[in-house]
Amino acid sequence: QKSTIFLKEAIVNLEEHHTLEDLKPIINKLESYGFKVLQASIHRDEGFVNSDNKKEKNYHAHITMFNLDVTTGKTVKFGKSFGLSYLSFKHLQQKL
């Protein structure tokens with residue numbers, strides 16, 4: 001279908017000590033849903049200056065996925081009727 005989006009991205013909040021190794025359970029779970037994870041990168045260089053004029057880092061990771069189930073050739077569907085809701089992704093964040 002012309003409007004199908006084949007790339008999806010997840011952003012995972014992290015703390016300073018997290019590594020790519022810590023993302024493996026999340027990557028494995030995403031792949032169990034049918035996504036093919038193409039890359040994961042940790043961003044440690046972003047942040048903001050708070051009201052006390054102190055720099056606060058925004059540690060997070062970007063996980064880029066191919067939204068086509070490589071075994072079925074169909075796009076990964078979202079929604080409760082497909083067994084995959086956005087709430088499912090929220091629970092992945094809590095595994096870190």
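See the structure printed just above.
This write-up is about the structure you can find in this document.

Reading the values: rules and limits
- Residues numbered from 1 in each chain as written.
- Predicted model: local features only at pLDDT ≥ 70, side-chain atom pairs only at ≥ 80, totals over all residues.
- Heavy atoms only, no water.
- Core = buried A, V, L, I, M, F, W, Y, C linked by side-chain atoms within 4.5 Å.
- Buried < 20%, exposed > 50% of the residue type's maximum accessible area, 1.4 Å probe, protein only.
- Helix = DSSP H or I, 4+ residues; strand = E, 2+ residues; numbered from the N terminus.
- Contact = heavy atoms within 4.5 Å.
- Pairing = 2+ DSSP bridges.
- Axes fitted to C-alpha atoms, helices over the stretch in contact; angles between N-to-C directions.
- Salt bridge = Lys/Arg side-chain N within 4 Å of Asp/Glu carboxyl O.
- Expected span 1.5 Å × (residues − 1).
- Bend = angle between axes of the 7 residues up to and from the residue.

## Description of the nonpolar core
By size, the foremost hydrophobic cluster in this structure holds 15 residues, and its most contacted members are Leu30, Ile63 and Met65. Only strand E1 (7-13), helix H1 (20-32) and strand E5 (60-66) provide two or more residues apiece to this core. Here the element with the most residues in this core is H1; it accounts for four residues. What Ile63 contacts, discounting residues up to four positions off in sequence, is Lys8, Glu9, Ala10, Val12, Ile26, Ile27, Leu30, Val37, Gln39 and Ala40.

## Details of unusual backbone geometry
Positive phi, normally seen in glycine, also occurs at Asn53, with a value near 65 degrees. Within the secondary structure layout, Asn53 lies in the loop between strand E3 (47-49) and strand E4 (55-57).

## Considerations on the sheet that holds E1
Spatial ordering of the open sheet is given by E1-E5-E2, a layout of three strands whose pairing is antiparallel. A single partner strand is all that each edge strand has here, and the edge strands are E1 and strand E2 (36-43). Averaged over neighbouring strand pairs, the angle between their axes works out to 20 degrees when direction is ignored. By the bridge criterion, seven bridges tie E2 to E5 in an arrangement that is antiparallel. Note on E5: the bridge partner recorded for His43 is His60.

## Details of the pattern of salt bridges
The final tally for this structure, using the stated rule, is two salt bridges. Among the salt bridges present, the one from Glu31 reaches Lys36, with a minimum N-O distance of 3.9 Å. On the basis of relative accessible area, Glu31 is assigned to the partly exposed category, the value being 31%. Residue classification places Lys36 among the partly exposed residues on the basis of a relative accessible area of 39%.

## Topic: H1
The terminal C-alpha atoms of H1 lie 18 Å apart, and with 13 residues this matches the ideal 18 Å at 1.5 Å per residue to within 8%. Ile26 marks the point of greatest bend in H1, at about 25 degrees. When we look at burial in H1, the residues that qualify are Leu23, Ile26, Ile27 and Leu30. Following H1 by one or two positions, Gly34 adopts a phi angle in the positive range, close to 115 degrees.

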